[in-house]
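Per-entry structural report
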Amino acid sequence: MALTLEIVTPQARVYSDTIDTVVIPTTAGEIGVLPGHISLVSQVADGELRVTKDGKPVVLAVGGGFVQIDNDKISVLAEQAITVDKIDVTAVEAALKRAQDQLKDAAHLDPAEQEHLHSLVRFAGVQLNIKSRHR
Amino acid sequence: MASTRDIRRRIKSVKNTRQITKAMELVAASKMKKAQQAALAGQPYAQLLSNMLAALAPHVTDNLHPFLVRRTVKTRGILLITSDKGLCGPLNGNLFKIASEIKTPAKFYSIGRKGTQFLARTKRDLVADFSVQDRVPFNEVKAAVDFITKQYLDGMIDTVEVIFPRFKNTLVQEPVIRPVLPLDNLREFLAALQRHAGVVAADEINRNQPFEFEPEAETVLAALLPYYVSREIYQFVLLARASEHSARMVAMKTAKDNATKLVGELTLEYNKARQAAITQEILEIAAASFSA
């Protein structure tokens, strides 16, 4: 029995397919999921999500969220998610620089805004890291 | 019959009105498109999140998180989401109708200036009002939600319910009241909603297998539940915005059409009056020349 994986962000449905296996980064470490997995709810960390479909790997960068595994149906709710081939290094670097600049004089910003910027910086770092390893 | 000059003046004024409503219709239409896209794009995420919660709910014991505990309701907490500006047909009025039906003790929170004004006018217990920009940044909504959930946790209010115009399509916006907290009746509510939509509940959960949590349940729920609540209410605000712009566009289109119709009627009346005056004049000249 195949697994179905769905990755959704507030902006769009990023990935939806039947797959063989997936490795998900969680706050408690990476977990690998095969068909027949026990029902599980976990927190997704910023990091690299590796899907194997028909023996071929697909790599995505995900930024924070939750995952639910239930009856071989995996739902990933991420703040951000992007497949590796869509990562645009120059755009990410620009975004990273913008966020860092804003953070430099962030003392006057409210905590929620600062947290948002920090998450942007983290996710940008993750994207660059993944892109440099998968070309 | 009114004089031709009076009619001419009225035609001019109605034409001006038509011009303005037409411009407002166009503005509302472009805003509507954006707001609708935002609301629809957020839909699958919000839906999946609710489904996740719904599937989880029966496997979680009440005392794991304060959001799950049902308390005796002494004071209801109502969040009223309205538009900042008027001229959007019956949209806000319908919401006020729901709000005024609440007779039990309640504290009110408001997003949108119209709702704030209404609550002040009807002397309701308005605790706080929040303004949210038109493009609805998540942070601004989150600030409001954090405030309300804090009141809930402090025991100031025993429920959190949201009144907002649910966007169905451009022509139909349905004013609804949705309970958000406590989360204990979430599953029934979702099931009812699905039945209402004519869909059989997607996966009637007939297995007794409990969910595993990683890390432990408290940690996951402590992160998931507040996040869910703010996402859910954020989606409500998006829907409310889409409804607002749709309602305004429709209202302005109706106003424009009415103005066009009125101009037509007035023009007819004007022509009649003009013709009557000419006929009158000819008659007078003819009568004068006969009698001479």
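See the structure above.
Treat the numbers as computed from the prediction; the structure is a model and nothing was measured. (Residues numbered from 1 in each chain as written. Chains lettered and ligands numbered in written order. Predicted model: local features only at pLDDT ≥ 70, side-chain atom pairs only at ≥ 80, totals over all residues. Heavy atoms only, no water.)

Below, the discussion takes up the interface of chain B and chain A. With 25 residues of chain B at the interface, the matching set in chain A holds 29 residues. Together, the buried faces of chain B and chain A total about 2,300 Å²; carbon and sulfur atoms form 62% of this surface. Our count for the contact surface shared by chain B and chain A stands at zero salt bridges. For the pair chain B and chain A, the number of links is one residue pair in polar contact (both at pLDDT 80 or more). Every element with two or more residues in the side of chain B that touches chain A is listed here: α1 (4-56), β6 (212-214) and α6 (217-291) of chain B. In terms of residues, the side of chain B that touches chain A owes the most to one element, α1 of chain B, which gives nine residues. In terms of residue class, the side of chain B that touches chain A is made up of 16 nonpolar, four polar and five charged. As paired elements, strand β5 (residues 40-44) of chain A and β6 of chain B share three bridges and run parallel to each other. Among the inter-strand pairings, Leu40 of chain A is bridged to a residue of β6 of chain B, identified as Glu212 of chain B. (Contact = heavy atoms within 4.5 Å. Buried area = accessible area lost by both parts, 1.4 Å probe. Salt bridge = Lys/Arg side-chain N within 4 Å of Asp/Glu carboxyl O. Polar contact = N/O pair within 3.5 Å; in protein donor to acceptor, adjacent residues only side chain to side chain. Helix = DSSP H or I, 4+ residues; strand = E, 2+ residues; numbered from the N terminus. Nonpolar A, V, L, I, M, F, W, Y, C, P; charged D, E, K, R; others polar. Pairing = 2+ DSSP bridges.)

Moving on, we get to the side chain of Glu232 of chain B. With respect to the helices, strands and loops of the structure, Glu232 of chain B is situated in helix α6. For Glu232 of chain B, the residues in contact, after removing those within four places along its chain, are Ser50 and Arg178 of chain B.

Residues three or four positions apart in an α-helix share a direction because the helix packs 3.6 residues into each turn. With 53 residues, α1 of chain B ought to run about 78 Å at 1.5 Å a step, and its terminal C-alpha atoms sit 74 Å apart, in line with that. Along α1 of chain B, the largest kink reaches about 35 degrees and is centred on Gln43 of chain B; proline Pro44 of chain B follows within four residues of it. (Expected span 1.5 Å × (residues − 1). Bend = angle between axes of the 7 residues up to and from the residue.)

So far we have only geometry, and geometry alone does not tell us how the molecule works.
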